[in-house]
Amino acid sequence: KQWYQRRVRASADPSIAVGFQHKHTGLRQALLTAYRSSGGLTQGLTSAMVRVSVGSATQLASFTRIKQFFVDREVSQSEFGNVCMASICSSVLVTFTMTPFDVVSTRMFNQKHGLYYNGWWDCMQKLFRHEGMLGFYKGTVAHFFRIGPHTILTLTIWDRYRKWFL
C-alpha cells in the first residue's frame, strides 16, 4: 500500500515527472483525447504489425535452423546446450532484422497524425534518404538488451514445451 501511495504522489508532482505528462481524468476521456488529437486510435498500427511479423518469422525460422545446425555438428554435448546457443544466436538475428522496423514504428507512433510520414513505407524512405542505412539501426544495443533475454527465454521454454508435451 505504501509503495502505491508513493507512486501516485510521485506521478502527481510535476517537479519529478519525466517527459510529457497527460492529465487524463479517466479511461473514456483518455481514449477520446487520443482519438481527437491523432485522428484515430490506430496511428502506427501497420508499422507495428510489420515489425512483429518480421520479428516472429525471424525468431522461429532462425532458431529451428540454427539448432539443427548445432545438433548435426555436435557443437554441445547436451541438447539443452544446443538449445541455449541457438536461442542466443537467434536473439542476435531477431535484433538485427527487427530494429529497423522498431525505429520506424517508434517514429510513426511519436508523430502527430500524418504530420511528417504518410505511412510506414514513406517513413522508411525518408529515414533512408535523410539518415542512410545506419539510421535504421539507432538503438540496436538497447534493443538487444530488451529483446535478447525475451527471445532466449521464449525459445528455450518453447523448445522444452515442444519436447515434453508434443
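That block above? That's the structure.
Every chain's residues receive numbers from 1 upward, in the order its sequence appears when written. Owing to the predicted nature of the model, reporting of local features is limited to residues with pLDDT of at least 70; listing and counting of side-chain atom pairs is limited to 80 or more, with chain, interface and lining totals taken over all residues. Processing note: side-chain calculations cover all non-hydrogen atoms of the structure and skip hydrogens and water entirely.

Turning our attention to the nonpolar core. Put simply, a nonpolar core is a bunch of buried Ala, Val, Leu, Ile, Met, Phe, Trp, Tyr and Cys residues held in one set by side-chain atoms that sit within 4.5 Å of each other. Think of it in three bands: residues with accessible area under 20% of the maximum for their type are buried, residues over 50% are exposed, and the middle band is partly exposed, with areas taken using a 1.4 Å probe on protein chains only. Core analysis: the largest hydrophobic core is formed by 10 residues, namely V50, F101, V103, V104, M108, Y117, C123, M124, L127 and F136. Counting from the N terminus, the helices are the DSSP runs of H or I reaching at least four residues and the strands are the DSSP runs of E reaching at least two. When contributions to this core are tallied by element, the ones reaching two or more residues are α4 (79-110) and α5 (120-131). Of the residues forming this core, the biggest block, four residues, is contributed by α4. Residues within four places of F101 in sequence aside, it is in contact with V50, R51, V54, W120 and M124. Membership of the second largest hydrophobic core comes to six residues, among which are F63, F70, V83 and A86. Throughout, a contact is declared for two residues whenever any of their heavy atoms are within 4.5 Å.

Here the focus is α4. Compared with an ideal rise of 1.5 Å per residue, which puts 32 residues at 46 Å, α4 spans 44 Å between its outermost C-alpha atoms and is within 8% of the ideal. At M98, α4 is deflected by roughly 40°, the largest bend along its length, and proline P100 occurs up to four residues later in sequence. Given the number of residues in a helix, its expected span is that number minus one, multiplied by 1.5 Å. In this scheme, the bend at a residue equals the angle between the axes fitted to the seven residues that finish there and the seven that begin there.

Helix axes are fitted only over the stretch in contact, all axes being lines through C-alpha atoms; the angle between N-to-C directions runs from 0 to 180 degrees. Relative to each other, helix α3 (residues 45-72) and α4 sit at 160°, their axes nearing to 8 Å. Comparing the axis directions of α3 and α4 gives the class roughly antiparallel. Crossing of α3 against α4: the hand is right-handed. In terms of residue class, the contact of α3 with α4 is made up of 19 nonpolar, 10 polar and four charged. Oblique is the label for any angle not covered by the other classes, which are roughly parallel (under 35 degrees), roughly antiparallel (over 145) and roughly perpendicular (65 to 115). Crossings are assigned a handedness: left-handed for a near helix turned anticlockwise from the far helix by less than a right angle, right-handed for a clockwise turn. Three classes are used, and their members are as follows: Ala, Val, Leu, Ile, Met, Phe, Trp, Tyr, Cys and Pro are nonpolar, Asp, Glu, Lys and Arg are charged, and the others, Gly among them, are polar.

Only rings of Phe, Tyr and Trp enter the pairing, Trp through its six-membered ring, and a pair is recorded when the two centres are within 6.5 Å. The plane angle decides the type: under 30 degrees is stacked, over 60 is edge-to-face, the rest tilted. Applying the stated criterion across every chain yields a total of seven aromatic pairs. Here the aromatic rings of Y116 and Y117 are separated by 4.6 Å at their centres, their planes lie at 80°, and the arrangement is edge-to-face. Residue Y116 is classed as partly exposed on the basis of its relative accessible area of 39%. Here, a charge over a ring is recorded when the distance from Lys NZ or Arg CZ to the ring centre is within 6 Å and its angle to the ring normal is within 35 degrees. Over the ring of Y116 we find K126, and its NZ or CZ is 4.5 Å from the ring centre. Geometry around W158 places R162 over its ring, the cationic atom sitting 4.6 Å from the centre.

Turning next to the side chain of S90. Looking at the element boundaries, S90 is found in helix α4. On the basis of relative accessibility, which here comes to 0%, the residue S90 falls in the buried class. Those residues in contact with S90 that sit more than four places away from it in its chain are T58, Q59, S62, F63, I66, T151 and L155.

This next bit is on α3. With 28 residues, α3 should reach 40 Å at 1.5 Å per residue; the first-to-last C-alpha distance of 41 Å fits that figure. S47, A48, V50, R51, G55, T58, Q59, S62, F63, I66, K67 and F70 are the residues of α3 that are buried. Contacts made by the buried residues of α3 are with α4, α5 and α6 (140-165). Backbone geometry just downstream of α3 places E74 in the positive-phi region, at approximately 50°.

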